[in-house]
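Geometric and topological summary
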Amino acid sequence: MFPVGVPQYNFDICNNQLRDQKNKGIKVLANVPSNGVAQFDNVPPACMNLAGVLTGSCSGTGPRPTPCGSACMKYTGMSDKQLRQLSSYLKK
């Protein structure tokens, strides 16, 4: 199930960019610098646009994404489950 108000095609574009990037040998890299914090590098543009909803929140509550570069997103306040889910999605 996708977050409220986000059309399916936005996720399709993100998925397509992840696939195309992977086919070029570029992987999304995950780093966990401290408990509850995760940083993802090599995030495609369409996925960067979805950074606030990729953790499943419709209300804006939950992990807070902060850009750390043009293809980098850092999340704070993540549970282990959220980290696994987001990592799984971005590292397809």
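Heads up: these notes are all about the structure in this document. Positions within a chain are numbered from 1, following the residues in the order the chain's sequence is written. With pLDDT at 70 or above as the cut-off, local features in this predicted model cover only qualifying residues; side-chain atom pairs require 80 or more to be listed or tallied, and sums for whole chains, interfaces and linings still use all residues. The side-chain quantities take in all heavy atoms of the structure and omit both hydrogens and water.

1. Some details on the nonpolar core
Ranked by internal contacts, the top residues of the largest apolar core, which has 21 residues, are F40, L54, Y75 and L90. Under the DSSP-based scheme used, a helix requires at least four consecutive residues in state H or I and a strand at least two consecutive residues in state E, with every element numbered from the N terminus. When residues of this core are traced back to their parent elements, those giving at least two are helix 1 (8-23), strand 2 (37-41), helix 2 (45-49), strand 4 (72-76) and helix 3 (80-90). Counting residues per element, this core draws most heavily on helix 3, at four residues. Those residues in contact with L90 that sit more than four places away from it in its chain are L18, V28, F40, C47 and L54. Grouping buried Ala, Val, Leu, Ile, Met, Phe, Trp, Tyr and Cys residues that are joined through side-chain atoms within 4.5 Å yields what is termed a nonpolar core. Classification of residues uses two cut-offs on accessible area relative to the type maximum, computed with a 1.4 Å probe and protein chains only: under 20% is buried, over 50% is exposed, and between them is partly exposed. Note on definitions: a residue-residue contact is assigned when non-hydrogen atoms from the two residues lie within 4.5 Å.

2. Looking at the sheet that holds strand 1 (residues 29-34)
Taken in spatial order, the four strands make up an open sheet running 1-2-4-3, and their pairing is antiparallel. Looking at which strands have only one partner, the edges of the open sheet turn out to be strand 1 and strand 3 (64-69). Within the sheet, the average angular offset between the axes of one strand and its neighbour, ignoring direction, is 25 degrees. Helix-sheet contacts for helix 3 involve strand 1, strand 2 and strand 4, and the interaxial angle to strand 2 is about 5 degrees. Whether two strands pair depends on DSSP finding at least two bridges between them. Only the stretch in contact is used when a helix axis is fitted, and all axes are lines through C-alpha atoms; the angle between N-to-C directions ranges over 0 to 180 degrees.

3. With respect to helix 3
Listing the buried residues of helix 3 in full gives L83, L86, S87, Y89 and L90. Considered in projection along helix 3, the buried side chains sweep an arc of 160 degrees and stay on one side of the axis. Facing away from the buried side of helix 3 by over 90 degrees, the exposed positions are D80, K81, R84 and S88. Check the buried side of helix 3 and you find it contacts helix 1, strand 1, strand 2, helix 2 and strand 4. Summarising the geometry, the arc corresponds to the directions from the helix axis toward the C-beta atoms.

4. Concerning the pattern of salt bridges
When a carboxyl oxygen of Asp or Glu lies within 4 Å of a side-chain nitrogen of Lys or Arg, that pair is called a salt bridge. The final tally for this structure, using the stated rule, is one salt bridge. Its salt-bridge partner being R19, residue D20 comes within 3.3 Å of it at the nearest N-O pair.

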